[in-house]
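Listed below, chain by chain, are the residues.
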Amino acid sequence: MLKKSKGLNSRLIELNKFDIREFKGLLSDKAKIVVPKLFKTVQRAKTDYKREMKNLPDNVQSAPKEFWEEVIEQAKILGIGLVGFAPVDENFIFKNDYIGGIEFLYENGIVLGMEMDYEAIDKAPEPPAGLESLNIYAELGEATNKLADFIRSKGYRTIACHPLGGPILLPAMAVKAGLGRIGTQGLLITKKFGPRQRLSMISINATPLPEVSQDNFEIDEYCKKCKRCVQMCPVNAIYYEPIIKENGIKTRIDGEKCIEYFYESTGCSICIKECPFHKIGYKAMYYSRL
Ligand code: SF4
Ligand code: SF4
């Protein structure tokens with residue numbers, strides 16, 4: 001019933017390296033609201049997890065179709081733009097979850113996505129883009145906790161996985177849930193928002209999951225022709241061809257280079273801004289191919 005990591009390493013996100021003095025004027029006022037909210041939502045997810053672990057359920061619960069419809073409806077009310085379902089994959093659970101302290105997950109996952117503001121991301125790598133990332137981490141964190149509460153109120157058991165440094169590789173779970181595909185820059189690309197979303201998940205002790213309609217959505221052929229993110233990354237952190245790391249994991253991103261610049265620039269986001277799936281969207285990309 002409970003699932004645990006099979007040893008995947010995670011990268012530690014050190015929020016204290018993120019210099020919020022870079023936010024000036026109105027941005028500074030917004031940061032004073034966003035940052036405490038972000039910490040509060042992480043803390044809330046941690047507290048709920050501890051409570052969950054003290055009193056574990058005996059069995060997996062059965063959930064009717066109507067329950068999942070209610071979950072989707074409630075997610076929309078909370079401003080969550082993407083909802084998908086997939087069994088939790090133990091290969092995607094991190095060995096060390098620094099932010100949430102979460103070690104175990106229930107067997108199924110509700111993967112959630114929230115759009116980041118187009119105009120703010122278009123200013124990357126200037127501070128408005130970085131602040132918008134933090135803002136959506138906070139907003140989605142709060143919405144995820146609230147949706148987990150809603151599900152508990154229906155009698156099911158949940159563990160909320162915060163979008164910032166949560167316990168599982170969220171883009172991989174999102175692909176499994178049929179929400180999109182991974183682009184060359186390593187981010188989830190969806191038909192609705194391109195690469196312009198943050199992700200979270202709720203693991204749930206309920207089955208069977210609703211049927212997932214897998215979109216016929218291939219982006220590899222666009223990425224092969226494009227490579228704009230590779231060219232525009234200021235620190236060459238995106239490789240033309242994927243490499244295999246010592247632990248056998250395939251990646252296109254030099255995580256160390258990326259995270260250093262991410263801190264330095266207060267949130268970078270250039271590889272989101274420059275991606276045509278952000279700039280002109282999936283439909284325009286699709287028709288331009290014809
Ligand atoms: S910028 Fe181009 S290569 Fe990079 S993810 Fe977007 S479409 Fe793919
Ligand atoms: S976030 Fe910035 S530094 Fe990191 S891969 Fe994207 S463009 Fe490069």
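Conventions we followed
- Residues numbered from 1 in each chain as written.
- Chains lettered and ligands numbered in written order.
- Predicted model: local features only at pLDDT ≥ 70, side-chain atom pairs only at ≥ 80, totals over all residues.
- Domains from an automatic or database assignment.
- Contact = placed C-beta atoms within 7 Å.
- Helix = DSSP H or I, 4+ residues; strand = E, 2+ residues; numbered from the N terminus.
- Pairing = 2+ DSSP bridges.
- Axes fitted to C-alpha atoms, helices over the stretch in contact; angles between N-to-C directions.
- Near = placed C-beta within 6 Å.
- Nonpolar A, V, L, I, M, F, W, Y, C, P; charged D, E, K, R; others polar.
- Core = buried A, V, L, I, M, F, W, Y, C linked by C-beta atoms within 7 Å.
- Buried ≥ 20, exposed ≤ 12 C-beta atoms within 10 Å, placed from the backbone.

Attention now moves to the domain arrangement of the protein. Under the domain assignment used here, the protein contains domain 1 (3-7 + 23-207) and domain 2 (220-289). Between domain 1 and domain 2, the C-alpha centre-to-centre distance is 22 Å. Counting from both sides, the interface comprises 18 residues of domain 1 and, opposite them, 21 residues of domain 2. The element best represented in the side of domain 1 that touches domain 2 is helix H4 (residues 127-153), accounting for four residues.

Read across the sheet, four strands follow the order E3-E5-E9-E6 without closing on themselves; strand pairing throughout is antiparallel. Two strands lie at the open edges of the sheet, namely strand E3 (82-87) and strand E6 (158-161), each paired on one side alone. Taken over all neighbouring pairs, the strand axes of this sheet differ in orientation by 20° on average, direction set aside. In the sheet, E3 pairs with strand E5 (residues 108-115) via six bridges, with the strands oriented antiparallel. Bridge assignment links phenylalanine 85 to a residue of E5, and that residue is isoleucine 110. Against the sheet, H4 touches E5, E6 and strand E9 (197-204), its axis set at about 20° to E9.

Right, let's talk about the site of ligand 2 for a bit. Taken together, 13 residues surround ligand 2, and among them Cys233, Cys258, Cys268, Ile270 and Cys271 come closest. Contributions of two or more residues to the shell around ligand 2 are made by helix H8 (255-264) and helix H9 (270-273). In terms of residue count, the dominant contributor to the shell around ligand 2 is H8 (three residues). Here the shell around ligand 2 is built from residues that sort into eleven nonpolar, two polar and no charged.

Moving on: the nonpolar core. Ile110, Val111, Leu112, Ile168, Met173, Met201 and Ile202 are the most contacted members of the largest nonpolar core, which has 76 residues in total. The biggest single contributor to this core is H4, with eleven residues. Two domains share this core, each providing at least three of its residues, namely domain 1 (3-7 + 23-207) and domain 2 (220-289). Residues within four places of isoleucine 202 in sequence aside, it is in contact with Ile110, Thr144, Leu147, Ala148, Ile151, Thr158, Ala160 and Cys161.

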